[in-house]
Amino acid sequence: MNNLYDSSDEDEDESYEETPADPRDPGETFLPEDAVYRFDLAGMHRERFAGLPVRELDDGVPSRPDQVAWLVTDETGFGFEDDRDDTALADELDRLLRRVNPAQVTALAVTGHGAANAPRLLAQHARRLTGLRSVFLGYIEREHWEISWIRHGDITPLLEAYPRLERLEVRGSQGLELRPVTHERLKVLRFESGGLPGAVVRAVGASTFPALEHLELWLGVERYGGDTTAADLDGILSGTGLPALKRLGLRDSERQDDVAAAVAAAPVVGRLEELSLGMGALTDRGAEALLSGQPLTHLRVLDLRHHFLSDAMVPRVLDALPEVAVDLDEQQRAEDDGWMYVAVTE
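First, a word on what this report is: a plain description of the structure on this page. (Residues numbered from 1 in each chain as written. Predicted model: local features only at pLDDT ≥ 70, side-chain atom pairs only at ≥ 80, totals over all residues. Heavy atoms only, no water.)

## Considerations on the overall build of the chain
Along the backbone of the chain there are 10 helices and 12 strands. Of all 346 residues assigned to the chain, the portion counted as buried reaches 55%. Residue pairs at least 24 apart in sequence account for 73% of intrachain contacts in the chain once pairs closer than 6 positions are excluded. Here the chain has roughly 14,400 Å² of accessible surface; of this, 47% comes from carbon and sulfur atoms. (Helix = DSSP H or I, 4+ residues; strand = E, 2+ residues; numbered from the N terminus. Buried < 20%, exposed > 50% of the residue type's maximum accessible area, 1.4 Å probe, protein only. Contact = heavy atoms within 4.5 Å. Areas by Shrake-Rupley, 256 points an atom, 1.4 Å probe, with all protein chains shown as cover.)

Quick look at the structure:
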């Protein structure tokens, strides 16, 4: 197969309006659940990734291919084990790299019904995609495929093949695997899921990311594979492999009180600028643990949006952290039977 880039085949679209990096780039803040669950508000991910507009090859090749995030498709099957390997990615990468200088491909967003093949197939092109810095696996909105249905495999080969990668975002967690890895350049690592496996969380904690500034985990519920316990967070909360971490999000958990209690005594918290424990089933028990734990007054942002705190606890948290931007929006009420729901599940 001839994969050589041919500049004479480039269909340059001079009418394309190149857009500068988005100052609201969600790599620098915690992503709201609306980016998955409300199509009309999903712009930060549906229309932009890594501060760049997402563009399909059929839209034409702009004069600056490095200023767009290219959308490519992996799995085309509908979720059965025997169609997991139905993928368009090999052909789409071949077509993209014929029309665009591979060195100018800086960002890729992988859509489809899953992205299980993407780490392996992208790794095969690592010697050519020398400028690739940002990858999104599972770039799919709820209107097309539920988050818990998005299939993945072992994403470790992608990190190993691209030592200069700066950003990796993963939506969905069915079949997701990660092995402990050392990566010198990664700055943003985000897992969006309705249930993140504890094995993946432990692997993150056992990894070394010297440059990582933003780590965000949507832990989810056990029904959709989220079997993470507070003990699984030990490696992350120790901060040993995360010396540059500024923003930590441990979110969307049905065990949010246990997570909060673990965070309250965690060594990594002292170096953070922003902390998110939102989107989950946080109650007064978890808030009390935060208030009685180590000081949080050094934080710039404490995101607790979507919570189950009582009317009496809300002002206590605000009064304890007068100089911190505390987000306590979306106060929820437990059902009559005591059941509490997290923001993102299926």
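Structure's up, so let's keep going.
## Side note on the pattern of salt bridges
As enumerated under the stated definition, the model contains 22 salt bridges in all. One salt bridge connects D94 with R98, and the closest N-O pair in it is separated by 3.2 Å. With a gap of four residues between them, D94 and R98 both fall in helix 3 (residues 89–99), about one helical turn apart. Judged by its relative accessible area of 12%, D94 falls in the buried class. For E288, the salt bridge is made with R316, and the minimal N-O distance between the two is 2.9 Å. Remark: R316 occurs in helix 10 (residues 313–320) and E288 occurs in helix 9 (residues 284–292); sequence separation between them is 28 residues. Overall, E288 belongs to the partly exposed group, its relative accessible area being 34%. Take R316: its relative accessible area is 40%, and that puts it in the partly exposed class. Each of R167, E169, R190, E216, R251 and D303 takes part in a single network of salt bridges with overlapping partners. (Salt bridge = Lys/Arg side-chain N within 4 Å of Asp/Glu carboxyl O.)

## Some words on the packing of helix 8 (residues 256–264) against helix 9
Direction vectors running N to C along helix 8 and helix 9 enclose 5°, while the axes themselves pass 8 Å from each other. Here helix 8 is positioned roughly parallel relative to helix 9, judged by the angle of their axes. Between helix 8 and helix 9, the contacting residues are D257, D258, A260, A261, V263 and A264 on the first element and R285, G286, A289 and L290 on the second. Grouping the amino acids of the contact of helix 8 with helix 9 by side-chain chemistry returns six nonpolar, one polar and three charged. (Axes fitted to C-alpha atoms, helices over the stretch in contact; angles between N-to-C directions. Parallel < 35°, antiparallel > 145°, perpendicular 65-115°, else oblique. Nonpolar A, V, L, I, M, F, W, Y, C, P; charged D, E, K, R; others polar.)

## Some words on the nonpolar core
One finds L137, L168, F191, L215, L248 and L250 to be the most contacted residues of the largest nonpolar core, which totals 76 residues. Dropping the residues within four chain positions of it, L137 is found in contact with V110, A115, A118, P119, H152, I155, L158, L168, E169, V170 and R171. Of all hydrophobic cores here, the second largest spans 10 residues; its members include V54, L71, A107 and A109. (Core = buried A, V, L, I, M, F, W, Y, C linked by side-chain atoms within 4.5 Å.)

## A closer look at the pairing of strand 5 (residues 134–137)
Here strand 5 shows a buried face lined by S134 and F136 and a second buried face lined by V135 and L137. When strand 4 (residues 107–111) meets strand 5, the two strands line up parallel, connected through four bridges. Within strand 5, the position partnered with V110 by the bridge is L137. Assessed by its sense of winding, the connection that carries the chain from strand 4 through helix 4 (residues 118–123) to strand 5 is right-handed. (Pairing = 2+ DSSP bridges. Right-handed = clockwise from strand over helix to strand, strands pointing away.)

## What about the sheet that holds strand 9 (residues 247–253)?
Within a beta sheet, neighbouring strands are joined by backbone hydrogen bonds and run either parallel or antiparallel to one another. One open sheet holds the 12 strands; their spatial order is 1-2-3-4-5-6-7-8-9-10-11-12, and the pairing between them is mixed. Lying at the two open borders of the sheet, with one neighbouring strand each, are strand 1 (48–49) and strand 12 (325–327). As paired strands, strand 9 and strand 10 (residues 274–276) are joined by three bridges and run parallel to one another. Paired with R247 across the strands is E274, a residue of strand 10. Across the sheet, helix 3 touches strand 3 (69–73) and strand 4, and the angle it forms with strand 3 is around 145°.

## Looking at the packing of aromatic side chains
When we look at a pair of aromatic rings, we describe it by the centre distance and by the angle of the planes. Counted under the stated rule, the structure contains four aromatic pairs. Ring plane angle 85° and centroid distance 5.1 Å describe the contact between F136 and Y139, whose orientation is recorded as edge-to-face. Grouping residues by exposure puts F136 and Y139 together as buried. Relative to Y341, the ring of F308 has its centre 5.8 Å away and its plane inclined at 85°; by these criteria the two rings are edge-to-face. Here F308, found in the loop between strand 11 (301–303) and helix 10, pairs with Y341, found in the segment after strand 12; they are 33 residues apart in sequence, far enough to count as distant. Overall, Y341 belongs to the partly exposed group, its relative accessible area being 29%. (Phe/Tyr/Trp six-rings, centres within 6.5 Å; stacked < 30°, edge-to-face > 60°.)

## A look at helix 8
Turning to helix 8, its buried residues are Q256, D257, V259, A260, V263 and A264. For helix 8, the angular spread of the buried residues around the axis is 160°, confining them to a single face. Turning to helix 8, the residues buried within the fold contact strand 8 (214–220), helix 7 (234–238), strand 9, strand 10 and helix 9. (Arc of directions from axis to C-beta.)

## A few points about the packing of helix 9 against helix 10
Interaxial distance between helix 9 and helix 10 falls to 11 Å at its minimum, and their mutual angle equals 20°. Comparing their axes, helix 10 and helix 9 come out roughly parallel. The handedness of the crossing between helix 9 and helix 10 is left-handed. For the pair helix 9 and helix 10, the contacting residues are D284, A287, E288 and L291 in the first and M313, R316, V317 and A320 in the second. (Left-handed = near helix turned anticlockwise from the far one by under 90°.)

## Description of unusual backbone geometry
The backbone phi angle of A50 is positive, close to 55°, even though this residue is not glycine. At E330, a residue that is not glycine, the phi angle is positive and equals roughly 60°. Judged by relative accessible area, E330 falls into the partly exposed class, the value being 32%.

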